[in-house]
Amino acid sequence: MGINMTVYKTKGTCSKEIRVVLDGNIIESVEIIGGCNGNSKGLMSMLRGRDAADTISRLEGITCGPRPTSCPDQIAKALKAALSEENAAAEKAAARGA
């Protein structure tokens, strides 16, 4: 495993991009580019050190007003992408070692 950074382009929110750094399945940092500054800072602070899969289950599906998504929902999507990249890298490393 190890440190993995993923940049996710958001869809349907005021934020434009989410940068996620994972160490294995643990969230090291989340940076939200654009959107509500105070809410973004609060979310980033609360997510540090948490398990990515648990965080996905808590944030996935949250909406913002009439929008079918939200910054928390987009964070869940970014975390899914980061975990997918992490798993692909682990599988590739295992295949090289086999």
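Residues numbered from 1 in each chain as written. Predicted model: local features only at pLDDT ≥ 70, side-chain atom pairs only at ≥ 80, totals over all residues. Heavy atoms only, no water.

A. Local environment of the pairing of strand β2 (residues 15-23). Judged from the 7 bridges that link them, strand β1 (residues 3-9) and β2 form a sheet pairing that is antiparallel. Paired with lysine 9 across the two strands is glutamate 17, which belongs to β2. Where β1 hands over to β2, the hairpin turn is made up of 5 residues, of which glycine 12 adopts a positive phi near 80°. With 8 bridges connecting them, β2 and strand β3 (residues 26-34) associate as antiparallel partners. Opposite serine 15, over in β3, you have glycine 34 as the bridge partner. (Pairing = 2+ DSSP bridges. Helix = DSSP H or I, 4+ residues; strand = E, 2+ residues; numbered from the N terminus.)

B. The arrangement of the packing of helix α2 (residues 52-59) against helix α3 (residues 71-97) in detail. Contact geometry of α2 with α3 gives a least axis separation of 8 Å together with a crossing angle of 150°. On the basis of the axis angle, α2 is roughly antiparallel to α3. In this structure, the crossing between α2 and α3 has a hand that is left-handed. Together, Ala52, Ala53, Thr55, Ile56 and Leu59 of α2 and Pro72, Asp73, Ile75, Ala76, Leu79, Lys80 and Leu83 of α3 make up the contact between the two elements. When the residues that make up the contact of α2 with α3 are grouped by side-chain class, the tally is 9 nonpolar, 1 polar and 2 charged. (Axes fitted to C-alpha atoms, helices over the stretch in contact; angles between N-to-C directions. Parallel < 35°, antiparallel > 145°, perpendicular 65-115°, else oblique. Left-handed = near helix turned anticlockwise from the far one by under 90°. Contact = heavy atoms within 4.5 Å. Nonpolar A, V, L, I, M, F, W, Y, C, P; charged D, E, K, R; others polar.)

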